[in-house]
Amino acid sequence: MRITQSMLSNNMLRNLSTSYYKMGKLQEQINTGKKVNRPSDDPVVAMKGMGYRMQVDKVAQYQRNMGEVHNRLDSSDDALDKVGSALIRVQELTVDAANDTKTHDDRLKILKEIEQLQAQVRDLANTKVGDKHLFSGTKTDSPLFGENAAGDKTIGGVVMPVSPGTIPAEGFEKDITIEVFDGVELNVNTNGYKLFKELDDVMSGLIATIKAGKSGEEISNHLKDINKAQDSVLETRADIGARQNRAEMMENRLESQEAAAKKQMSENEDIDYEKTITEMITQESIHRAALSVGARIIQPSLVDFLR
């Protein structure tokens, strides 16, 4: 086959173009730190990268969910801690009021503080995180203690005083769960209807006894109910604490999953800088040699010998 000057020149230009392309690709990889900057570079790596990135995003969403879990559980525990403190004060006031040296007027003065403590416990039962009530089950837009259209005091949507065995309005005793991992959900709310109804009944009974001018012995009989109410608060806090511990374990698991997913994504997408820079230097040397050889090929032509 006859080799012409044009063929040599075209081959040289094509090889130079290929060399420029390789250098450009290596330079882009060094600039971005990624093996693949568009799907056409390596479809397999691109598809794997999409899967790893989805996993990282999913873990990030679960971690945001964990923030909500901690917020709700910590706020519930804090509210119940204050309820416990209020009950301790009620207990102290009950012991004081049960002293037979106290007159009825003295007990009525003690009663005023007990009534304020009852109001405080009701306020704590209506604790909110953001615009959502913590102790109202799935009825997060409704306070546990409230009022109906007629102005009657209610608990769980039921007019007070509540008859024994009465169930609250639908939703006040339902659980709220948040997904924190694939197929794993944590219960983040504390259904407060039974607990706070018990506390309110205990304090209402004590208030009624003092108002009626009963004896110190009859007042002291309420101490047993107060102790039982304190135990109920502690049991509820223990349940919250157990869920907090599980939430921390899940958070540690998510951190491990995040690290593993990011490592896989990095191994799939990120370049080895030392290797890529070495390839870039090698390609530059090859390109310079190609330019030098090309210059020698192009320089002699038939015209040079016809002069």
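First things first, this report covers the structure right here in the doc.

The rules behind these values
- Residues numbered from 1 in each chain as written.
- Predicted model: local features only at pLDDT ≥ 70, side-chain atom pairs only at ≥ 80, totals over all residues.
- Heavy atoms only, no water.
- Helix = DSSP H or I, 4+ residues; strand = E, 2+ residues; numbered from the N terminus.
- Rg over C-alpha atoms; globule rule 2.2 N^0.38 Å.
- Contact = heavy atoms within 4.5 Å.
- Areas by Shrake-Rupley, 256 points an atom, 1.4 Å probe, with all protein chains shown as cover.
- Lys, Arg positive; Asp, Glu negative; His and termini not counted.
- Charge placed at Lys NZ, Arg CZ, Asp CG, Glu CD.
- Axes fitted to C-alpha atoms, helices over the stretch in contact; angles between N-to-C directions.
- Parallel < 35°, antiparallel > 145°, perpendicular 65-115°, else oblique.
- Left-handed = near helix turned anticlockwise from the far one by under 90°.
- Pairing = 2+ DSSP bridges.
- Salt bridge = Lys/Arg side-chain N within 4 Å of Asp/Glu carboxyl O.
- Buried < 20%, exposed > 50% of the residue type's maximum accessible area, 1.4 Å probe, protein only.
- Phe/Tyr/Trp six-rings, centres within 6.5 Å; stacked < 30°, edge-to-face > 60°.
- Lys NZ or Arg CZ within 6 Å of the ring centre and 35° of its normal.

1. Quick notes on the overall build of the protein
Item 1. The number of helices and strands found in the protein is eight helices and seven strands.
Item 2. Here the protein has a C-alpha radius of gyration of 38 Å; the compact-globule value for 307 residues is 19 Å, and the former is much larger.
Item 3. Expressed as lengths along the three principal axes of its C-alpha atoms, the size of the protein is roughly 135 × 35 × 30 Å.
Item 4. A fraction of 71% describes how many contacts in the protein between residues 6 or more apart in sequence connect residues 24 or more apart.
Item 5. Accessible surface, the protein: about 18,200 Å² in total, of which carbon and sulfur atoms supply 52%.
Item 6. Distance between charge centroids for the protein: 9 Å, based on 40 positive and 48 negative side chains.

2. Re the packing of helix H3 (residues 104-125) against helix H4 (residues 193-211)
Item 1. Interaxial distance between H3 and H4 falls to 9 Å at its minimum, and their mutual angle equals 165°. If you check the angle between H3 and H4, you find them roughly antiparallel. Note that H3 runs across H4; the crossing there is left-handed. The residues of H4 that touch H3, namely those facing His 104, Arg 107, Leu 111, Ile 114, Glu 115, Leu 117, Gln 118, Val 121, Arg 122 and Ala 125, are Phe 196, Leu 199, Asp 200, Met 203, Ser 204, Leu 206, Ile 207, Ile 210 and Lys 211.

3. Describing the sheet that holds strand E4 (residues 153-155)
Item 1. Here we have three strands laid out as an open sheet, ordered E3-E4-E5, and antiparallel in their pairing. Each edge of the sheet is formed by a strand with only one pairing partner; in this case those strands are strand E3 (145-147) and strand E5 (158-159).
Item 2. Strand direction decides the pairing type here: E4 and E5, joined by two bridges, are antiparallel. Within the sheet, the bridge partner assigned to Ile 155 lies in E5 and is Val 158.

4. A word on the pattern of salt bridges
Item 1. Taken as a whole and assessed by the stated rule, the structure comprises 16 salt bridges.
Item 2. Two residues, Lys 102 and Asp 96, come together in a salt bridge whose shortest N-O distance is 3.4 Å.
Item 3. Since its relative accessible area comes to 30%, Asp 96 is described here as partly exposed.
Item 4. A salt bridge links Asp 201 to Lys 197, with the nearest nitrogen and oxygen atoms 2.9 Å apart. Of the two residues, Asp 201 and Lys 197 are both situated in helix H4; the distance of four residues between them amounts to about one turn of the helix.
Item 5. Overall, the relative accessible area of 17% leaves Lys 197 in the buried class.

5. Some remarks on the packing of aromatic side chains
Item 1. Per the counting criterion, the structure on display carries two aromatic pairs.
Item 2. Centre to centre, the rings of Tyr 62 and Phe 181 are 6.0 Å apart; their planes meet at 40°, and the pair counts as tilted. Taken together, the positions of Tyr 62 in helix H2 (residues 43-97) and Phe 181 in strand E6 (residues 177-181) put the pair 119 residues apart, joining distant regions of the chain.
Item 3. Tyr 62 sits in the buried class, given a relative accessible area of 8%.
Item 4. The class of Phe 181 is buried, set by a relative accessible area of 9%.
Item 5. Geometry around Phe 181 places Arg 253 over its ring, the cationic atom sitting 4.1 Å from the centre.

6. Quick notes on the environment of Glu 68
Item 1. Looking at the element boundaries, Glu 68 is found in helix H2.
Item 2. Between the C-alpha atom of Glu 68 and that of Ile 178, which follows or precedes it by 110 residues, the distance is 8.4 Å.

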